[in-house]
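Structure at a glance
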Amino acid sequence: MSRRKASAAGRSATRAGARTVSHEVPPRVGFVSLGCPKALVDSERILTQLKVEGYDIVPSYDDADIVVVNTCGFIESAVAESLEAIGEAISENGKVIVTGCLGVREQLIREQHPHVLAVTGPQKYEEVVGAVHRHLPPQHDPYLDLVPPQGVKLTPRHYAYLKISEGCNHRCTFCIIPSMRGDLVSRPIDEVMREAERLVAAGVKELLVISQDTSAYGVDLRYVERSWRDGRYPTSLSGLCGALGELGVWVRLHYVYPYPHVDEIVPLMAEGRMLPYLDIPLQHGSASVLRRMKRPAAGEGALARIERWRGICPDLTIRSTFIVGFPGETEREFEDLLDFITAARLDRVGSFTYSPVEGAAANDLGGAVPEEVKMERRGRLMEAQAAISRARLAEKIGRRLQVLVDEVQPDGSGIARSSAEAPEIDGVVMIEPHAALRVGQFATVRVTASSDHDLMATLAEQG
Ligand code: SF4
C-alpha cells in the first residue's frame, strides 16, 4: 500500500483555503494518492486534466487551495488508511474532495468526515474534476489559453448543443447506433449543468438538448441526485428541465419519445421556463410498422398524448421525422401514416425514404418496397404535410413573437427563429430590413405573412 502525496511534509498554521486567489496565481491543488496501480493511473489522469486546465499541483497541504484524496477500499486496513488520510487532509487543509474505490461507500466517509466537499467513486474522472471546478473554479486567461472555457464550438456564439448522454438502450431494427455506441450512458446532472452554465456565461442564448433518447436520460444512473447551485436535482429529464429552466435562456428539447413521464415537462413549457417545442422522431404512424421497427414508446398512444400536451400548452410546437417505405410497408400502412399526420397536425415534419444500413436488423425483414413507390409515397406525405404546415403558420399572422436573430443580411433584413423553429432543420422568420437588428440578439416581431415553411415579419421592438 503506498501513499503518494503530491506533497512535502511542510505545514504551517495558514490554511490555504482561507487565502485569496489572485488572478496572477493559478488555483492550487494538493493530491494524496492511495492504493493500487489502477488507482495510481486514475490519479495521473485526474492530475493531467487539472494541469491542462491550468491548475498548479502543489506538494503540501499549506500550499494547496484544495486537496483531492484518491482512496482505496480493497481491504479493511486500506479503508482505515483512506479514512485516516481524509481526516489528515481535513485537519491540515480543510477543503477536501474524496475520490477512488472508497468513494462507493459515501455514507461511511460522511459519517466519519462530514465536512468533505464531495465524494466520487473510482474512474469518475469527470466527476472529480467537476467537483474541483465547483469548489475551486479554473482560471481562464484568454491570452494564454488556446481553448475557451466553453470549449471549441462549431455553432454560432448565441446557440449551442448540450449533449446529455451517449448510446441507446433501444434496438430499432433500422438503426445501428447501439452497436456502434453501446447502451445509454447518461452524464450526471451536475456535470451537464456546469457545462450549460459555462455556455451561458460565454454568451449562449439558446441551449439545444441532444442525445439518442432524451426521454431515457438518467435511467442508467437510477436517476441519481446531485447538487447544483443550492439544490439537489435528480439525473432525470424532469430534473434536467427544472435546472435548465433556472438559467434564463431558451432551452429546446430534441429526440424525446412520447412516454408518460414527458407529461411532467410540458407544464414547464406552459410556464415559459422551457421553449414550448418538442422534437419527437415518431418514424411512422402505423402500429404494425412501428412494431416491425421496434420503436420506443410505440404503444404509448402518441396521438392522445400530443392532444393532452396541447391542452396543457396550446403554443406547443411539435416536430417529427418519418421513414417512408420501410420493409413490408403496404399501401394501407402508408395511409395510416397519412391519417396520423393529418390528425396530429404536426407543425414540422421531416421525411426520408427507407434505405438499408449495413448491419441493421431490418435488412432481414424482407418485403423491400420498390424505390419508385418509396419516392411516390414520400411525395404524397410531404404534400399533405405542406398543407398542414401552411395552415398552422397562417394562424400566426398578426401575432407578436419573440425571435432570436441568426443573421443580418447586407440589405439590413434579418433571418431569425422563434420558439417554433430549431436551427438548421425547421423554417425561419424573415424580418424586414431594420437598423436595430443584431445577430445573436432577441427581438419582438409582428408576423405579416407566411408560406409553406417560413414566416415574414416586421420588427416590433428589440428584446
Ligand atoms: S433509432 Fe432507435 S435504436 Fe437508434 S438511436 Fe434512436 S432510439 Fe436508439
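For the structure itself, look to the data block above.
An account of the accompanying structure is given in this report. In this text, all values refer to a predicted model and were calculated from it rather than measured experimentally.

Let us look at the environment of Ala160. Here Ala160 is to be found in strand 7 (residues 159-163). With a relative accessible area of 1%, Ala160 lands in the buried category. Linking Ala160 and Val67, residues 93 residues apart in sequence, is a C-alpha distance of 33 Å.

Here we come to the pairing of strand 18 (residues 414-417). The alternating pattern of strand 18 places Gly414 and Ala416 and Ile415 and Arg417 on opposite faces, both of which are buried. Bridge analysis of strand 17 (residues 400-408) against strand 18 gives 4 bridges, and the strand direction is antiparallel. Residue pairing in the sheet places Val405 in a bridge with Ala416 of strand 18. Hairpin remark: strand 17 followed by strand 18, antiparallel, with 5 residues in the connecting loop; positive phi at Gly412, about 90°. One ladder, built from 3 bridges, connects strand 18 with strand 19 (residues 429-431); its direction is antiparallel. Bridged to Gly414 within strand 19 is Ile431.

Let us look at the packing of aromatic side chains. Counted according to the given criterion, the structure contains 6 aromatic pairs. Judged by centre distance (6.4 Å) and plane angle (90°), the ring pair of Tyr159 and Tyr161 falls under edge-to-face. With relative accessibility at 31%, the residue Tyr161 sits in the partly exposed group. Between Phe326 and Tyr354 the ring centres are 5.3 Å apart and the planes differ by 80°, which places this aromatic pair in the edge-to-face class. With Phe326 in the loop between strand 15 (317-324) and helix 11 (331-344) and Tyr354 in the loop between strand 16 (348-353) and helix 12 (371-394), this pair connects stretches of sequence that are 28 residues apart. An identical accessibility class is assigned to Phe326 and Tyr354; each is buried. Members of the aromatic cluster, each reached through a chain of ring pairs, are Phe174, Phe326 and Tyr354. Above the face of the Tyr277 ring, Arg252 is positioned so that its terminal group lies 4.5 Å from the ring centre. Above the face of the Tyr159 ring, Arg417 is positioned so that its terminal group lies 5.2 Å from the ring centre.

This brings us to the pattern of salt bridges. Enumeration over the complete set of coordinates arrives at 35 salt bridges. Among the salt bridges present, the one from Asp263 reaches Arg308, with a minimum N-O distance of 3.7 Å. Taken as a pair, Asp263 in the loop between strand 13 (250-253) and helix 8 (266-270) and Arg308 in helix 10 (residues 302-312) lie far apart in primary sequence, 45 residues in all. Asp263 gets classed as partly exposed once you look at its relative accessible area, which sits at 21%. A salt bridge links Arg345 to Glu395, with the nearest nitrogen and oxygen atoms 3.4 Å apart. Taken as a pair, Arg345 in the loop between helix 11 and strand 16 and Glu395 in the loop between helix 12 and strand 17 lie far apart in primary sequence, 50 residues in all. Through salt bridges with shared partners, a single ionic network connects Glu127, Arg134, Asp190, Arg194 and Arg226.

Before going further, it helps to spend a moment on the nonpolar core. The nonpolar side chains of a soluble globular protein tend to be buried with one another. One finds Leu240, Leu244, Leu253, Leu278, Trp309, Phe322 and Phe340 to be the most contacted residues of the largest nonpolar core, which totals 54 residues. Tallying contributions element by element places helix 11 first for this core, with 6 residues. Beyond its immediate chain neighbours, meaning those up to four positions away, Leu278 contacts Leu253, Val256, Val262, Met269, Trp309, Leu316, Thr317, Ile318 and Arg319. Ranked by size, the runner-up nonpolar core spans 19 residues in total, among them Val32, Tyr61, Val67 and Ile109.

The residue Tyr223 is not glycine, and still its phi comes out positive at about 55°. For Tyr223, the position within the fold is in the loop between strand 10 (206-210) and strand 11 (225-228). Positive phi outside glycine occurs at Lys294, with the angle close to 55°.

Cut-offs applied
Residues numbered from 1 in each chain as written. Predicted model: local features only at pLDDT ≥ 70, side-chain atom pairs only at ≥ 80, totals over all residues. Heavy atoms only, no water. Helix = DSSP H or I, 4+ residues; strand = E, 2+ residues; numbered from the N terminus. Buried < 20%, exposed > 50% of the residue type's maximum accessible area, 1.4 Å probe, protein only. Pairing = 2+ DSSP bridges. Phe/Tyr/Trp six-rings, centres within 6.5 Å; stacked < 30°, edge-to-face > 60°. Lys NZ or Arg CZ within 6 Å of the ring centre and 35° of its normal. Salt bridge = Lys/Arg side-chain N within 4 Å of Asp/Glu carboxyl O. Core = buried A, V, L, I, M, F, W, Y, C linked by side-chain atoms within 4.5 Å. Contact = heavy atoms within 4.5 Å.

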